[in-house]
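Report on the structure
Now for the letters of each chain:
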Amino acid sequence: MSLGSVLDRARSVLRKASRVHVVSHVDLDGLSSAAIIMRWARSSGKEVSHSVAGVRGLYTMVKKALQEAAGKPGTVVVVADLSPRSRGDAEAIASLAKYARGLVWLDHHVWGDDAKKALEDAGVVIINDRGSVTAEIACRLTNCWGDEVSRRLVEIARADDSCSDDPYGLADKWRLVLRYLDWEGLRRAAKSLADGDLWPSWARDIYEREAAAYYREIREKTNILVERINGIRVGVVTPPPRASACDIQRLGVSPGPDRVDVVVIVYPRGISIKTWGKLRADCIASRLGGGGHSNVAGAPRPSISMGSAQIARMVSTAALECLSGTGDDKQDTR
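Because the structure is a prediction, the values reported are computed rather than measured. (Residues numbered from 1 in each chain as written. Predicted model: local features only at pLDDT ≥ 70, side-chain atom pairs only at ≥ 80, totals over all residues. Heavy atoms only, no water.)

1. What to know about the overall build of the protein chain
Each helix and strand counted, the protein chain has 13 helices and eleven strands in total. The C-alpha atoms of the protein chain give a radius of gyration of 20 Å, which matches the 20 Å a tight globule of 334 residues would have. Dimensions along the principal axes, computed over C-alpha positions, put the protein chain at roughly 55 × 50 × 35 Å. Looking at the 334 residues of the protein chain, the share that counts as buried comes to 52%. Restricting to contacts in the protein chain with at least 6 residues of sequence separation, those with at least 24 account for 67%. Accessible surface for the protein chain amounts to roughly 14,800 Å². Of this, 46% is attributable to carbon and sulfur atoms. Here the protein chain contributes 48 positive and 41 negative side-chain charges, whose respective centroids are spaced 2 Å apart. (Helix = DSSP H or I, 4+ residues; strand = E, 2+ residues; numbered from the N terminus. Rg over C-alpha atoms; globule rule 2.2 N^0.38 Å. Buried < 20%, exposed > 50% of the residue type's maximum accessible area, 1.4 Å probe, protein only. Contact = heavy atoms within 4.5 Å. Areas by Shrake-Rupley, 256 points an atom, 1.4 Å probe, with all protein chains shown as cover. Lys, Arg positive; Asp, Glu negative; His and termini not counted. Charge placed at Lys NZ, Arg CZ, Asp CG, Glu CD.)

2. Quick notes on helix α4 (residues 87-94)
Among all positions in α4, only Ala 90, Ile 93 and Ala 94 are buried. Here the buried residues of α4 occupy an arc of 100° about the axis, which is enough to place them on one side. (Arc of directions from axis to C-beta.)

3. Quick word on the nonpolar core
Of all hydrophobic cores here, the largest spans 66 residues; its most connected members are Val 20, Leu 106, Leu 141, Trp 174 and Val 177. It is helix α2 (residues 28-43) that provides the largest number of residues to this core, a total of nine residues. With near-sequence residues (within four places) excluded, Val 177 lies in contact with Trp 199, Trp 202, Ala 203, Ile 206 and Tyr 207. Counting 24 residues, the second largest nonpolar core, distinct from the first, contains Ala 53, Ala 69, Ala 94 and Ile 126. (Core = buried A, V, L, I, M, F, W, Y, C linked by side-chain atoms within 4.5 Å.)

4. Some points on the sheet that holds strand β5 (residues 125-128)
Taken together, five strands build an open sheet; the order of strands is β2-β1-β3-β4-β5 and the sheet is parallel. At either margin of the open sheet sits one strand with a lone partner, and together these are β2 (47-53) and β5. Direction aside, the axes of adjacent strands within the sheet are offset by 15° on average. Running at roughly 135° to β5, helix α1 (residues 3-15) makes contact with β1 (19-25), β3 (75-80), β4 (102-107) and β5 of the sheet. (Pairing = 2+ DSSP bridges. Axes fitted to C-alpha atoms, helices over the stretch in contact; angles between N-to-C directions.)

5. A few points about the sheet that holds strand β11 (residues 296-300)
Ordered in space as β6-β7-β8-β9-β11-β10, the six strands form an open sheet in which the pairing is mixed. Each of the sheet's edge strands pairs with one partner strand only, and the pair in question is β6 (223-229) and β10 (291-292). Summarising the sheet, strand β9 (residues 270-275) and β11 pair through five bridges and their orientation is antiparallel. In the sheet register, Ile 271 faces β11, and the bridge partner there is Ala 299. Contacts between helix α13 (residues 308-324) and the sheet are confined to β6, β7 (232-238) and β8 (262-266), with β7 contributing the most and set at about 140° to the helix.

6. Focus on the packing of aromatic side chains
When we look at a pair of aromatic rings, we describe it by the centre distance and by the angle of the planes. Counted by the stated rule, this structure contains five aromatic pairs. Where Trp 105 meets Trp 111, the ring centres are 5.4 Å apart and the plane angle is 85°; that geometry is what we call edge-to-face. Residue class for Trp 111 comes out buried when judged on its relative accessible area of 10%. Both rings, one in Trp 174 and one in Trp 202, keep their centres 6.0 Å apart while their planes meet at 75°; by these two values the pair is edge-to-face. You can see Trp 174 sitting in helix α8 (residues 171-178) and its partner Trp 202 sitting in helix α10 (residues 201-221), a full 28 residues away along the chain. Using a relative accessible area of 1% as the deciding quantity, one classes Trp 174 as buried. Residue Trp 202 is classed as buried on the basis of its relative accessible area, which comes to 14%. Cation over ring: Lys 173 sits above Tyr 207, and NZ or CZ is 5.9 Å from the ring centre. (Phe/Tyr/Trp six-rings, centres within 6.5 Å; stacked < 30°, edge-to-face > 60°. Lys NZ or Arg CZ within 6 Å of the ring centre and 35° of its normal.)

Next up, the structure:
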């Protein structure tokens, strides 16, 4: 089925809803996507609610949203900027899809065919476009291009996802602020964006209070190990817990393609993987229980006790397998 046909089907599901519940990722693309959907739902006279989820909490939050939908007839659940971690997660969610008027899924990450089929067989409408950020998918779905606020949200989400600058200078600022928010704060951020307040005073206060210390800590407390293993140059970067991969890159702390073939940024609960050239970050991540894009991906941290040298060896082994095409997820080098 073509992307246009899937979009039309999703629009039909949403038009019939009396209530929309959005479950979005916690990053700026996820929150921007939620805000765009929320703006559309409000303008269409529909009740709307929003919850946030990390990759690990996806099943729990979608399950909760679908169970709540059972008590509120006419509810369509929209999942934005998240993908199932496994076929098992997808099948578990598929078994609950019947409780909502419909389940629409927007995402731009790499999906396993088995997970996608399990959900589609349950009637879930999946719009998966790896060439766009999820906020852009949400904008296409809701025909938001005539709404200046939504157009700006798409640009901000693109800048955050690509670690580039946006015309409003907000992606870098929001990226920092989001790191100081709890779950309620993240929902508050999405509400502000949906209300058209793209840089609310409360967010500005957090940025002005924390920015200097945040950037100084990245510069002073980031540890880097570079090793060549199996002919692959691996850089393992261990920053302070709150640091983002984009800020590490922007500040010039992380080694670039002149020094390494793959960079792994280690966080308390996960790792971020960035590659250059023929190496595919999504292939490496998939072997470590994660996924993502061809040059940027992520995976759960395998063990809190695993040191940088062990992580470098683990990643180089996965990278070598991807290059050699061993296993079930052969790297596509087209």
